[in-house]
Structures are given as C-alpha cells and as structure tokens.
Amino acid sequence: MNLTDEEENLLFFPLFYAGSFWRRFRGLMFCPPKKGYGLILVPCNSIHTFFMRFSLDVFFLDEMGRVLDIRWNLAPWRMAVCRGARMVVECPTGHIPHEKVSIGSRLTFH
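None of the values given here were measured: they were computed from a predicted structure.

What counts, and at which threshold
- Residues numbered from 1 in each chain as written.
- Predicted model: local features only at pLDDT ≥ 70, side-chain atom pairs only at ≥ 80, totals over all residues.
- Heavy atoms only, no water.
- Salt bridge = Lys/Arg side-chain N within 4 Å of Asp/Glu carboxyl O.
- Helix = DSSP H or I, 4+ residues; strand = E, 2+ residues; numbered from the N terminus.
- Buried < 20%, exposed > 50% of the residue type's maximum accessible area, 1.4 Å probe, protein only.
- 1 Å grid on protein atoms, 1.4 Å probe; cavity = no way out; pocket = protein on both sides within 12 Å on 5 of 7 lines; lining within 4 Å.
- Points joined across faces, edges and corners; volume = space filled by probe spheres on them.
- Nonpolar A, V, L, I, M, F, W, Y, C, P; charged D, E, K, R; others polar.
- Phe/Tyr/Trp six-rings, centres within 6.5 Å; stacked < 30°, edge-to-face > 60°.
- Patch = residues over 30% accessible without salt bridge, like charges linked within 9 Å, V, L, I, M, F, W, Y side chains within 5 Å.
- Areas by Shrake-Rupley, 256 points an atom, 1.4 Å probe, with all protein chains shown as cover.
- Core = buried A, V, L, I, M, F, W, Y, C linked by side-chain atoms within 4.5 Å.
- Contact = heavy atoms within 4.5 Å.

Two side chains that carry opposite charge are able to pair once their charged atoms sit near each other. According to the stated counting rule, one finds two salt bridges in the structure shown. Across the pair Arg66 and Glu6 runs a salt bridge whose closest N-O atoms are separated by 3.3 Å. With a gap of 60 residues between them, Arg66 in the loop between strand S6 (56–61) and strand S7 (67–74) and Glu6 in the loop between strand S1 (3–4) and strand S2 (10–12) connect regions that are remote in the sequence. Classification of Glu6 as partly exposed rests on a relative accessible area of 46%. Between Arg71 and Asp69 there is a salt bridge whose closest N-O contact spans 3.1 Å. Arg71 sits in the partly exposed class, given a relative accessible area of 26%.

This part takes up the layout of surface pockets. What the largest pocket holds in volume is close to 160 Å³. For the largest pocket, the lining is made up of 15 residues, of which Arg24, Phe25, Leu41, Ile47 and His48 are closest to its centre. Of the residues assigned to the lining of the largest pocket, the class counts are nine nonpolar, three polar and three charged.

Turning to the packing of aromatic side chains, a few remarks are in order. This structure, assessed with the given rule, holds three aromatic pairs. Judged by centre distance (5.7 Å) and plane angle (35 degrees), the ring pair of Phe50 and Trp77 falls under tilted. Of this pair, Phe50 sits in the loop between strand S5 (46–48) and S6 while Trp77 sits in the loop between S7 and strand S8 (79–81), placing them 27 residues apart in sequence. Judged by its relative accessible area of 27%, Phe50 falls in the partly exposed class. Both rings, one in Phe59 and one in Trp72, keep their centres 5.3 Å apart while their planes meet at 90 degrees; by these two values the pair is edge-to-face. With Phe59 in strand S6 and Trp72 in strand S7, the pair connects residues that are 13 residues apart, well separated along the chain. Take Phe59: its relative accessible area is 0%, and that puts it in the buried class. An aromatic cluster is built from Phe50, Phe51 and Trp77, whose rings are joined through pairwise contacts.

The next subject is a nonpolar patch on the surface. A surface patch of nonpolar side chains, amounting to about 400 Å² of accessible area, comprises Phe21, Trp22 and Phe25. Secondary-structure assignment places Trp22 in helix H1 (residues 21–26).

Core analysis: the largest hydrophobic core is formed by 18 residues, its most contacted members being Leu28, Ile47, Val58, Phe60 and Val88. Contributions of two or more residues to this core are made by strand S4 (38–41) and S6. The greatest single-element share of this core, amounting to three residues, is contributed by S6. Among residues more than four places away in sequence, those in contact with Val58 are Ile47, Asp69, Ile70, Arg71, Leu74, Val88, Val89 and Glu90. With 15 residues, the next largest nonpolar core counts Met87, Cys91, Ile96 and Val101 among its residues.

Shown next as structure tokens:
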C-alpha cells in the first residue's frame, strides 16, 4: 500500500496492513529500519515500541483517515494511546517530513 495526503502526494511506501491480533502485536519489532517498512494497524488505538531497535513516527487516525494525534520520534520501550483512534500508521522516524502531516490532515491508502 501507499500512504498519501489529501492532494494525493505520496508520503510513504511500502505500507503493510496489519489486521490480525498477532500481526498488530508484532508490528515492526523484527524489521530492519533500513528497509523503511511501515504498517497500518486496524483496529487500533494504542501501540508499544517494546523490543524495537529504532524510533517510530506514529499517526493515530479516525475511521475516515483524519489524523487525531501524532507522535514524532517515539523511542523504543514506550507506549502511546489515542482515545477515539480507529487505526494507527507507524513508520521509521524521518521518512515523512513534519510539514507534510498535521493533526486534522486526512491520509489515504492505495
């Protein structure tokens, strides 16, 4: 999948879907950061970075893809929660420029 903004600008690729409990739980724990993998976790409103070897940029989205909260550079061994979120996008830190996404932005997946 691709992650794009409202103007259809590509923000991140590749983005993989994690729809099962075990796939969401594992997340990006065992992926090397240099590959640049990202995940969309559905349904999800909280994440952890336990056992991670790199930091993440995390976007909490509602059911329409609107950004409710952002955690830039979430370090390993942390947790993050966003009440009301229905899905979470996580990717290695630094792949999406800060000026491209803000709270209230709408993200889409292709």
